[in-house]
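Per-entry structural report
Chain by chain, the residues run as shown.
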Amino acid sequence: SAGKNLIGAFHQPRAVVADLDTLATLPDRELRAGLAEVVKTACIGDADFFAWLEVHADALLARDTNALTHAIAACCRFKAGVVERDEREAGERALLNFGHTFGHALETETGYGTLLHGEAVAIGMLLAACLSTRLGMAHHDDAQRLDALLQHIGLPTTIPPEISADALLARMQLDKKNRAGALRLILWRGVGRAEIVEAVDPAAVRAVMPG
């Protein structure tokens, strides 16, 4: 009841299978939610891939085989490299949680199933981008590009109006990435340049969440 991904163990897979035929069976909403994680990959470490997504978003939504193959391969290569270098999330692997501290708080506060995981992450990524702008780490144009791409895909980008920002902040303070009770967030220096930021001021976080 306190949230998700707060405890766990590391188990490496014997294999990873990406079956494009399975994607054809997904409802559109589930496909869009999955694309949020594709956007996340580009946000944290591949500005060229982000630009590619801006051009090819419609092809992905149409389930074009070539576009999907390119996107899946790019994400698998990127994530495999990160996990190989930091198997137990001692450093770099935490970057894969861009948008997830906000997102997990949203999932918990709204009740699991109200927002799909990818929808919550989409909102979380934009909040992280806006916070980065507020802290002087990134230009506002980068957040605008992310907002435009997420909306083009059909993902939500704002906190549901019935959700209390103070409640979200309280949930975020339980996140597994925090250290010694201080907020530790994945923010960015702009598209493709995410980084771990220690001891983020809760007042700054609260300021980017309306309500």
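The structure we're discussing is the one just above.
In what follows, the accompanying structure is described. Not measured: the values here are computed from a predicted model.

With that settled, the discussion passes to the overall build of the protein. Helix and strand content of the protein: nine helices and two strands. When the helices and strands of the protein are placed in sequence order, the string is α-α-α-α-α-α-α-α-β-β-α. The C-alpha radius of gyration of the protein comes to 16 Å, within 12% of the 17 Å expected for a compact globule of 211 residues. Overall size of the protein, expressed as C-alpha extent along the three principal axes, is 45 × 35 × 35 Å. If you take every contact in the protein between residues at least 6 apart in sequence, the share linking residues at least 24 apart comes to 70%. Here the protein has roughly 10500 Å² of accessible surface; of this, 52% comes from carbon and sulfur atoms. Side-chain charges of the protein comprise 21 positive and 27 negative groups, with the mean position of each set lying 5 Å from the other.

Below, the discussion takes up a nonpolar patch on the surface. Side chains of Leu 6, Ile 7 and Leu 174 sit close together on the surface and give an oily, nonpolar patch of about 330 Å² of accessible area. By the secondary structure assignment, Leu 174 is in the loop between α8 (165-172) and β1 (183-188). When its relative accessible area of 49% is taken as the criterion, Leu 174 is described as partly exposed.

Here the focus is the side chain of Thr 157. Structurally, Thr 157 can be placed in the loop between α7 (140-153) and α8. Of note is the side chain of Thr 157, whose polar atom sits 3.4 Å from the side chain of Asp 147. Aside from chain neighbours lying at most four places away, what touches Thr 157 is Ile 123, Leu 126, Asp 147, Leu 150 and Gln 151.

This part takes up the pattern of salt bridges. Tallying each qualifying case throughout the model produces nine salt bridges. For Arg 145, the salt bridge goes to Glu 54, with nearest N and O atoms at 2.6 Å. A residue pair is termed long-range when its members are at least 10 positions apart, and Arg 145 in helix α7 and Glu 54 in helix α3 (residues 47-61) qualify at 91 residues. Judged by its relative accessible area of 29%, Glu 54 falls in the partly exposed class.

What follows is about helix α4 (residues 65-85). Between its first and last C-alpha, α4 extends 30 Å over 21 residues, near the 30 Å set by a 1.5 Å rise per residue. Among the residues of α4, those classed as buried are Ala 67, Leu 68, Ala 71, Ala 74, Cys 75, Gly 81, Val 82 and Val 83. Check the buried side of α4 and you find it contacts α1 (20-23), α2 (28-45) and α3. Measuring from the backbone nitrogen of Asn 66 back to the side-chain oxygen at the start of α4 gives 3.2 Å, which picks out Asp 64 as the cap.

What follows is about the environment of Gly 45. Here Gly 45 lies in helix α2. Accessibility expressed as a relative area gives 34% for Gly 45, which makes it partly exposed. A sequence separation of 143 residues divides Gly 45 from Trp 188, and the C-alpha atoms of the two residues are 9.7 Å apart. Those residues in contact with Gly 45 that lie beyond four places of it in its chain are Phe 78 and Gly 192.

Moving on: the packing of α2 against α7. Close contact between α2 and α7 brings their axes to 10 Å; oriented N to C, the two are set at 155°. With respect to their mutual orientation, α2 and α7 come out roughly antiparallel. Like other packed secondary-structure pairs, α2 and α7 cross with a definite hand, here right-handed. On α7, the residues that touch Arg 32, Leu 35, Val 39 and Cys 43 of α2 are Leu 146, Leu 149, Leu 150 and Ile 153.

Let's shift gears to α3. Look at α3: 20 Å from first C-alpha to last across 15 residues, which is about the 21 Å you get at 1.5 Å a residue. Most pronounced at Val 55, the bend in α3 amounts to some 60°. All of the buried residues along α3 are Phe 49, Phe 50, Trp 52, Leu 53, Ala 57 and Leu 60. Taken together, the buried residues of α3 touch α2, α4 and α7.

Rules and cut-offs
Residues numbered from 1 in each chain as written. Predicted model: local features only at pLDDT ≥ 70, side-chain atom pairs only at ≥ 80, totals over all residues. Heavy atoms only, no water. Helix = DSSP H or I, 4+ residues; strand = E, 2+ residues; numbered from the N terminus. Rg over C-alpha atoms; globule rule 2.2 N^0.38 Å. Contact = heavy atoms within 4.5 Å. Areas by Shrake-Rupley, 256 points an atom, 1.4 Å probe, with all protein chains shown as cover. Lys, Arg positive; Asp, Glu negative; His and termini not counted. Charge placed at Lys NZ, Arg CZ, Asp CG, Glu CD. Patch = residues over 30% accessible without salt bridge, like charges linked within 9 Å, V, L, I, M, F, W, Y side chains within 5 Å. Salt bridge = Lys/Arg side-chain N within 4 Å of Asp/Glu carboxyl O. Buried < 20%, exposed > 50% of the residue type's maximum accessible area, 1.4 Å probe, protein only. Polar contact = N/O pair within 3.5 Å; in protein donor to acceptor, adjacent residues only side chain to side chain. Expected span 1.5 Å × (residues − 1). Axes fitted to C-alpha atoms, helices over the stretch in contact; angles between N-to-C directions. Parallel < 35°, antiparallel > 145°, perpendicular 65-115°, else oblique. Left-handed = near helix turned anticlockwise from the far one by under 90°. Bend = angle between axes of the 7 residues up to and from the residue.

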